[in-house]
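Descriptive structure summary
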Amino acid sequence: MNRRRFLRNSLATAVAASLPARDGLAALLGPSAKVAADIDAITGDGAEITLGRAAVQELADSLRGNLLLPGHEAYESARHVINASIDKHPALIAQCRGVADVQKAVDFARESSLLTAVKCGGHSHSGKSTCNGGLMIDLSTHRHVHVDPKAKIARVSGGSLLGDMDHESMSFGLVTTAGTVSHTGVGGLTLGGGFGRLARRYGLTIDNVRGFELVTPDGQFRRANASENPDLYWALRGGGGNFGIVTSFEFQLHEMDRTVIGGIVGFPINEARQVLEFYADYSLEAPDELGLEMLMVGSSPANSLITLAVCYCGPHRDMDPILTKIRSAGTVVVDTVGAMDYVALQKSGDVNDVRAIGSYTKSGFLSELSPDFIDTIVRSFEAREGRTTVFATQHAGGAINRVAPNATAFPHRNVNYIPLLIIDWPIDSDPQEHIAWLKQTWKAIEPHIQGFYTNDLIDETQKQVDENYLGNYDRLVEIKNRWDPTNLFRLNANVRPTV
Ligand SMILES: Cc1cc2nc3c(=O)[nH]c(=O)nc-3n(C[C@H](O)[C@H](O)[C@H](O)COP(=O)(O)OP(=O)(O)OC[C@H]3O[C@@H](n4cnc5c(N)ncnc54)[C@H](O)[C@@H]3O)c2cc1C
């Protein structure tokens, strides 16, 4: 990339964006700022290209949302994703307000062979939803949830966050599986699978999708459900953003009491081995209505804790013996479990200042927590040398296991746990030693792991990504060949076309 030209473009756009207040307001509400010069950009294959000023202006004028260029006042916040250590600069950002905007952006990307990133909640650990020098199609301006309480269906637009969906659905006493942090995007979470506190009862988020509306790489609007484009319907449930941009999800909702039993039971970290042994047994026999996450968290022995995080959505009268059992795992030092609002529980892990910390995460799938695995975890955690570390296992099993591995593109149906090792650091410190520590530690854990969650993709090789689709890989390649033969949508757990 010609750095001098990049700076010149930025300056020119900055001037356009800092025009008097009336124009500034127009830039925020659309139409976009005037494009002052040609723009250097990158194709999907990494070649340098120049986008003509007039063509970019035409794109900007065709959108209901904004086209943001470097220097535009809204560009800085839009280019970021949740992981503050990802610092990429797209050449342009199309903030889409609806299907028509997505079609315009996709047409522009395809016609220019641009490297294309699609952002919903921006939670991809590895920053797949942003890029250097390409086009970011930002869906965060396309958030809407419509609940049909009679049909028990939610129609959720492609840029919505999980919190939007929980909030609207639960107000009708209805719910579907969503992840554990409310500012995660419905888009990325759903397309990769979708684990959450209710997944043991209602299945993965994809198991509750009745249909999709999407814009495919040819810019066409399509529906994908059991009768229309059933190949896409299958592939979008676990195959990620490989096949198009989903503008709307149709979810099956379930009746659920809004008050659940939630909270954490905490034990001293020096009882980690016995708590993990308890968890290994009890988590397998627990009722589907119980989601029980394990978290070891701390930065020094003095403030470290092992906790079991509870979400029980069954009849409250059945909860007492379950809680007694959980509390018997060790010496209880913290206990916050009680009746609480489900939507509040779903927000309890939200992060206020997401821009202040960098993080690096490795995760995988497991069907059991073997004594060897427990030993490895306990030793690794003891050796973390005062770092801010979290080792967690999300609880799977239940309804997730009762779907055939080839019924959707998500093949890992024997998963009972998703172990995650997370390290974070203040964004102004050097990340290298933290990342090196985690990679080294993960080497000891990796032999136990049976595949990984594509939504937690971090730096796996293409071979590992291909193999991770297991028996569904060949069918995914066929569908990719049909719908995205030029691999326009490649910033994901990529299914590479072979045509
Ligand atoms: C704090 C945190 C908590 C998490 N908790 C959970 C959890 O409880 N359960 C769980 O299953 N996962 C969880 N995850 C992982 C999460 O599923 C992934 O990070 C997921 O990619 C997030 O989706 P997003 O839309 O926020 O991400 P983005 O970074 O915006 O997008 C991720 C990928 O999805 C694609 N994409 C997004 N929206 C669309 C769309 N509408 N159409 C086509 N492609 C699209 C993007 O192109 C990109 O490849 C968590 C992650 C974080 C950081």
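All values reported here derive from a predicted model rather than from experimental measurement. (Residues numbered from 1 in each chain as written. Predicted model: local features only at pLDDT ≥ 70, side-chain atom pairs only at ≥ 80, totals over all residues. Heavy atoms only, no water.)

The secondary structure content of the protein amounts to 16 helices and 21 strands. Scaling as 2.2 N^0.38, a compact globule of 499 residues should have a C-alpha radius of gyration of about 23 Å, and the protein matches this with 23 Å. Principal-axis analysis of the C-alpha atoms gives the protein an extent of 70 × 50 × 50 Å. Within the protein, the fraction of its 499 residues that count as buried is 57%. Nonlocal contacts in the protein, meaning residues at least 24 apart in sequence, comprise 72% of its contacts between residues at least 6 apart. Accessible area of the protein: about 20100 Å², with a carbon and sulfur share of 51%. For the protein, the distance from the average position of its 47 positive side-chain charges to the average position of its 57 negative side-chain charges is 4 Å. (Helix = DSSP H or I, 4+ residues; strand = E, 2+ residues; numbered from the N terminus. Rg over C-alpha atoms; globule rule 2.2 N^0.38 Å. Buried < 20%, exposed > 50% of the residue type's maximum accessible area, 1.4 Å probe, protein only. Contact = heavy atoms within 4.5 Å. Areas by Shrake-Rupley, 256 points an atom, 1.4 Å probe, with all protein chains shown as cover. Lys, Arg positive; Asp, Glu negative; His and termini not counted. Charge placed at Lys NZ, Arg CZ, Asp CG, Glu CD.)

With that out of the way, let us pick up the sheet that holds strand 3 (residues 67-68). In spatial order, the strands read 3-4-6-5; together these 4 strands make up an open sheet with mixed pairing. Since the sheet does not close on itself, it has two edges, and those belong to strand 3 and strand 5 (116-119), each with one partner. Here strand 4 (residues 92-95) runs beside strand 6 (residues 135-138); their pairing, made up of 4 bridges, is parallel. Directly across from Ala94, in strand 6, lies its bridge partner Ile137. Packed on one face of the sheet, helix 5 (residues 99-111) meets strand 4, strand 5 and strand 6 and runs near 165° to strand 6. (Pairing = 2+ DSSP bridges. Axes fitted to C-alpha atoms, helices over the stretch in contact; angles between N-to-C directions.)

Moving on to the side chain of Arg413. The residue Arg413 is located in the loop between strand 20 (389-395) and strand 21 (417-426) in this model. Of the polar contacts made by the side chain of Arg413, one reaches the side chain of Thr408; its length is 3.2 Å. Every residue in contact with Arg413, bar those within four places of it in the chain, is listed here: Leu204, Ile206, Asp207, Ile400, Asn401, Val403, Ala404, Pro405 and Thr408. (Polar contact = N/O pair within 3.5 Å; in protein donor to acceptor, adjacent residues only side chain to side chain.)

Here the focus is the side chain of Ser112. Looking at the secondary structure, you find Ser112 in the loop between helix 5 and strand 5. Ser112 gets classed as buried once you look at its relative accessible area, which sits at 19%. There is a polar contact of 2.8 Å between the side chain of Ser112 and the backbone oxygen of Phe108. Those residues within four positions of Ser112 in sequence are excluded, and the remaining contacts are Thr43, Ile49 and Leu51.

Pairing is antiparallel in the open sheet, where 5 strands are placed in the order 7-8-12-10-11. Edge strands, defined here as strands with exactly one partner in the open sheet, are strand 7 (145-148) and strand 11 (221-225). Each adjacent strand pair in this sheet contributes to an overall mean axis angle of 15°, direction not counted.

A separate point is the site of the ligand. Cys120, Gly122, Ser129, Phe195 and Tyr453 are the nearest of the 33 residues found near the ligand. A distance of 2.9 Å separates a nitrogen atom of the ligand from a polar atom in the backbone of Val246. Within the complex, the protein chains bury 91% of what would otherwise be the 950 Å² of accessible surface of the ligand. The leading source of residues in the shell around the ligand is helix 7 (residues 186-192), at 4 residues. Here the residues of the shell around the ligand are counted per class, giving 11 nonpolar, 19 polar and 3 charged. (Near = heavy atom within 4 Å. Nonpolar A, V, L, I, M, F, W, Y, C, P; charged D, E, K, R; others polar.)

Turning our attention to the domain arrangement of the protein. Splitting the protein by domain gives domain 1 (3-138), domain 2 (145-256 + 470-483) and domain 3 (259-456). Approximately 690 Å² of surface area, both sides summed, lies buried where domain 1 meets domain 3, with 53% of it carried by carbon and sulfur atoms. Contact with domain 3 buries area across many residues of domain 1, yet Ile82, Ala84 and His125 alone supply 61% of it, more than any other trio. At the boundary of domain 1 and domain 3, one finds 0 salt bridges. (Domains from an automatic or database assignment. Buried area = accessible area lost by both parts, 1.4 Å probe. Salt bridge = Lys/Arg side-chain N within 4 Å of Asp/Glu carboxyl O.)

To continue, consider the packing of helix 10 (residues 272-285) against helix 11 (residues 319-327). Interhelical geometry of helix 10 versus helix 11 gives an angle of 160° and a closest axis separation of 11 Å. The orientation of helix 10 with respect to helix 11, classified from their angle, is roughly antiparallel. For helix 10 against helix 11, the interelement crossing comes out left-handed. Residues Phe278, Tyr282 and Glu285 of helix 10 lie in contact with helix 11, whose contacting residues are Ile322, Lys325 and Ile326. Across the contact of helix 10 with helix 11, the residue classes break down as 4 nonpolar, no polar and 2 charged. (Parallel < 35°, antiparallel > 145°, perpendicular 65-115°, else oblique. Left-handed = near helix turned anticlockwise from the far one by under 90°.)

Per the counting criterion, the structure on display carries 26 salt bridges. Residue Glu111 pairs with Arg110 through a salt bridge whose shortest N-O separation is 3.6 Å. Judged by its relative accessible area of 63%, Glu111 is exposed. Its salt-bridge partner being Asp335, residue Arg327 comes within 2.6 Å of it at the nearest N-O pair. Arg327 gets classed as partly exposed once you look at its relative accessible area, which sits at 31%. By sharing partners, the salt bridges in this structure join Lys362, Lys439, Asp459 and Glu460 into a single network.

Moving on, we come to the packing of aromatic side chains. Counted by the stated rule, this structure contains 11 aromatic pairs. When the centroid spacing of 5.7 Å and the interplanar angle of 65° are considered together, the rings of Phe212 and Phe249 count as edge-to-face. Separated by 37 residues along the polypeptide, Phe212 in strand 10 (residues 209-215) and Phe249 in strand 12 (residues 245-252) bring together distant segments of the chain. The class of Phe249 is buried, set by a relative accessible area of 1%. With a centroid separation of 6.2 Å and an interplanar angle of 50°, the aromatic rings of Phe373 and Phe391 are classed as tilted. Here Phe373, found in helix 13 (residues 371-382), pairs with Phe391, found in strand 20; they are 18 residues apart in sequence, far enough to count as distant. By the burial criterion, Phe373 is buried, and Phe391 matches it. (Phe/Tyr/Trp six-rings, centres within 6.5 Å; stacked < 30°, edge-to-face > 60°.)

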